[in-house]
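# A look at the structure
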Amino acid sequence: VSVGGCFGFCATFSNCYTIVEVFLSIHPDEKMVKRQKEKLYQSAREYRANTARRSNPNADRGATSVGVQRNLPFGICALSLNKISIPVCIAASNVVFDNASIVPYLMKHGVDPVTGKGAAVRDLIRLNIEKDERDRWQCPILCKPFNDHSRVVAILQGDGTANVYSKEAVDELNVRARNWTDLVTGRSFSKKDILVLQNPDDASHRDINNFVHIKDRRLAHRPSTSTDEAGGDDNTTQAGEAAAFQYSGNVRHNSTACRILEKVAVETAKRKIHEEEKKKVAEAAKSAAVESSGNAKKKRPSVKIYTDDLVGGYKQHTAAGSGSLTCTGMIPARGGERREATEKEIFESTLLVVRKMKKKGYVQIETNLGNINVEVHCDLVPRTAANFIGLASSGKYEGSIFHRNIPNFMIQGGAPPGKTRGGESMW
């Protein structure tokens, strides 16, 4: 009896399993291959292993000096950590840089920012990477876009440039086929001319925490707390003092995060200082307005105006009786007291009276070229007319200019000095 014969003669799955069990009992030395299934859960052993790996940074080869490995995304410059526009690389580190960032760095420091070894501008290799219609880098052979999990290689051309391909295409069409010619240009190359730009299985050289310039910035970076610098604005000094903060021992920030956090802290401190100054000015203006209104109230006695006294108004009550009936916190009240009209209701009634009068308003504008008599349609637009006449009588238009002049059509003015629009209404 053989396994193939068992499966060939069985009619149902239950018979199949029975025959297989008999076969295993007859041949105990032979083992069947157990089929692995994809699991949507994590076993207890895997959980313990992952927990131990997270708690002990040096447990495996992927650990770094700060405990968490952070791989550089493909398409991001290893120096500026921004999106790459012109890709270049150094053969010693096999990491992609942006040409606009790496050239000034090499001219100033003369070292590879990733490995810390000596490097010069002449060591840069220009990478020729094809893009698809969505402006994504892709393999010119397989037409597959590159991502953070792609295996990417570059083939040196001998003239300071390199063509970038997918490792799958190079393995199938060059290495296994023993075809040592470039797939695009047809130039000959050797195995040592293949540069591995990205390998997800071994991403140690793409770990941001291992970059020399990141380590140097992290060690040299300290929040500035000195305030005795010569010159500088008071607001800037106060903002710098308010933005100084200490980093927590449990959270480690890279240089980019430190710069962003400090910039946000400084901007927040400046905003708070500006808001405090604005609040002080508003409080001063409010106190002056209250004082002036208090003086105005002293000059004229207050008169109670009820809603039924207004033109177009009707009798309304304060509803104090119904409120005291349902709420024990209110003083008991009997009868209905008339409600006093609000300022808005009094103003609307005044506009209604002005509209019913059907009269015009007149304003004389004095200019350096003569006087202009203006007729205001108070019967048609009483609210706008009241605003214009009120601002004119209060002197808001003193010294203003006509900033817009269209011959034989119109002139426009009244804006605040130095502006062509805006301004506050009478209210």
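Preceding this section is the structure that the text describes.
Residues numbered from 1 in each chain as written. Predicted model: local features only at pLDDT ≥ 70, side-chain atom pairs only at ≥ 80, totals over all residues. Heavy atoms only, no water.

## Some thoughts on helix H11 (residues 382-393)
- Taking 1.5 Å per residue, 12 residues should reach 16 Å; H11 reaches 16 Å between its end C-alpha atoms and fits that length.
- For H11, every residue scored as buried is listed here: Pro-382, Ala-385, Asn-387, Gly-390 and Leu-391. (Helix = DSSP H or I, 4+ residues; strand = E, 2+ residues; numbered from the N terminus. Expected span 1.5 Å × (residues − 1). Buried < 20%, exposed > 50% of the residue type's maximum accessible area, 1.4 Å probe, protein only.)

## Digging into the environment of Ala-385
- Tracing the chain through its elements places Ala-385 in helix H11.
- Taking relative accessible area as the criterion, Ala-385 reaches 3% and is therefore assigned buried.
- It is 9.4 Å that separates the C-alpha atoms of Ala-385 and Lys-360, two residues lying 25 residues apart in sequence.
- Look past the residues within four positions of Ala-385 in its chain and what remains in contact with it is Val-376, His-377 and Cys-378. (Contact = heavy atoms within 4.5 Å.)

## Focus on the sheet that holds strand E7 (residues 161-166)
- Spatial strand order, E2-E1-E3-E7-E6-E8: 6 strands in an open sheet with mixed pairing. Only two strands of the sheet have a single neighbouring strand rather than two, namely strand E2 (96-98) and strand E8 (194-198). The mean angle between the axes of side-by-side strands here comes to 40 degrees, regardless of whether they run parallel or antiparallel.
- Judged from the 3 bridges that link them, strand E3 (residues 124-128) and E7 form a sheet pairing that is parallel. Directly across from Asn-128, in E7, lies its bridge partner Asn-163.
- Of the strands in this sheet, strand E1 (87-90), E2 and E3 are in contact with helix H4 (residues 99-109), which crosses E2 at around 90 degrees. (Pairing = 2+ DSSP bridges. Axes fitted to C-alpha atoms, helices over the stretch in contact; angles between N-to-C directions.)

## Focus: the layout of surface pockets
- Volume-wise, the largest pocket comes out at about 1,200 Å³.
- Every residue lining the largest pocket is counted, 35 residues in all, and those nearest its centre are Tyr-397, Ser-400, Gly-413, Gly-414 and Ala-415.
- Sorting the residues of the lining of the largest pocket by element identifies strand E9 (361-367), strand E10 (370-376), H11, strand E11 (402-406) and strand E12 (410-413) as the ones contributing at least two each.
- Partitioning the lining of the largest pocket into residue classes produces 14 nonpolar, 15 polar and 6 charged. (1 Å grid on protein atoms, 1.4 Å probe; cavity = no way out; pocket = protein on both sides within 12 Å on 5 of 7 lines; lining within 4 Å. Points joined across faces, edges and corners; volume = space filled by probe spheres on them. Nonpolar A, V, L, I, M, F, W, Y, C, P; charged D, E, K, R; others polar.)

## Here we look at the pairing of E11
- The sheet contact formed by E11 and E12 spans 4 bridges and is antiparallel. From the neighbouring strand, Arg-404 faces E12, where its bridge partner is Gln-412.
- Linkage of E11 to E12, two consecutive antiparallel strands, is achieved through a turn of 3 residues, within which Asn-408 is found at a positive phi near 60 degrees.

## Quick look at H4
- When H4 is considered as a whole, its buried residues turn out to be Ile-102, Val-103, Tyr-105 and Leu-106.
- Just downstream of H4 lies Gly-110, where phi reads positive at about 75 degrees.

## Here we look at unusual backbone geometry
- Even without a glycine there, the phi angle at Asn-94 is positive, about 60 degrees.
- The residue Asn-94 is located in the loop between E1 and E2 in this model.
- Positive phi values are uncommon outside glycine, yet Cys-143 reaches one of about 60 degrees.
- Inspection of the secondary structure puts Cys-143 in the loop between strand E5 (137-138) and strand E6 (152-156).

## Quick look at the side chain of Gln-138
- Along the chain, Gln-138 turns up in strand E5.
- For Gln-138, a relative accessible area of 8% gives the class buried.
- There is a polar contact of 2.8 Å between the side chain of Gln-138 and the side chain of Glu-130.
- Sequence-distant contacts of Gln-138, that is, excluding residues within four places in its chain, are made with Ile-129, Glu-130, Lys-131, Asp-132, Cys-143, Lys-144, Pro-145 and Phe-146. (Polar contact = N/O pair within 3.5 Å; in protein donor to acceptor, adjacent residues only side chain to side chain.)

## Focus on the environment of Asp-148
- With respect to the helices, strands and loops of the structure, Asp-148 is situated in the loop between E5 and E6.
- What makes Asp-148 partly exposed here is its relative accessible area of 42%.
- In this structure the C-alpha to C-alpha distance between Asp-148 and Pro-73, which are 75 residues apart in sequence, comes to 5.7 Å.
- Apart from the residues lying within four places of it in its own chain, the contact partners of Asp-148 are Pro-73, Phe-74, Gln-198 and Pro-200.
- Here Phe-74 takes part through its backbone nitrogen, which lies 3.0 Å from a polar atom of the side chain of Asp-148.

## Some details on the packing of aromatic side chains
- Here the structure, examined in full by the defined rule, presents 4 aromatic pairs.
- Measuring from ring centre to ring centre gives 5.6 Å for Phe-74 and Trp-137, while their planes differ by 75 degrees; the resulting arrangement is edge-to-face. Of the two residues, Phe-74 is situated in the loop between helix H3 (44-55) and E1 and Trp-137 in strand E5; the sequence distance between them amounts to 63 residues.
- You can call Trp-137 buried: its relative accessible area is 11%.
- Plain terms: the ring middles of Phe-388 and Tyr-397 are 5.8 Å apart, the flat faces sit at 40 degrees to each other, and that makes the pair tilted.
- Of the residues examined, Phe-388 reaches a relative accessible area of 24% and is grouped as partly exposed.
- Given the relative accessible area of 28%, Tyr-397 is considered partly exposed.
- Here the aromatic cluster, defined as three or more aromatic residues joined through ring pairs, consists of Phe-74, Trp-137 and Phe-146. (Phe/Tyr/Trp six-rings, centres within 6.5 Å; stacked < 30°, edge-to-face > 60°.)

## Quick notes on a nonpolar patch on the surface
- A contiguous nonpolar patch, built from Ile-141, Leu-142, Leu-173 and Val-184 and spanning about 300 Å² of accessible area, is present on the exposed surface.
- Its location among the elements puts Ile-141 in the loop between E5 and E6. (Patch = residues over 30% accessible without salt bridge, like charges linked within 9 Å, V, L, I, M, F, W, Y side chains within 5 Å. Areas by Shrake-Rupley, 256 points an atom, 1.4 Å probe, with all protein chains shown as cover. Salt bridge = Lys/Arg side-chain N within 4 Å of Asp/Glu carboxyl O.)

## Describing the nonpolar core
- Formed by 42 residues in total, the largest nonpolar core has its most connected members in Phe-97, Ile-102, Leu-127, Phe-146, Val-164 and Leu-197.
- Contributions of two or more residues to this core are made by E1, E2, H4, E3, E6, E7, helix H5 (167-175) and E8. (Core = buried A, V, L, I, M, F, W, Y, C linked by side-chain atoms within 4.5 Å.)

## What to know about the environment of Val-376
- Inspection of the secondary structure puts Val-376 in strand E10.
- Each C-alpha atom, one on Val-376 and one on Lys-360, is 5.8 Å from the other, the two residues being 16 residues apart in sequence.
- Contacts of Val-376, omitting those with residues within four sequence positions, involve Lys-360, Gly-361, Val-363, Ala-385 and Phe-388.

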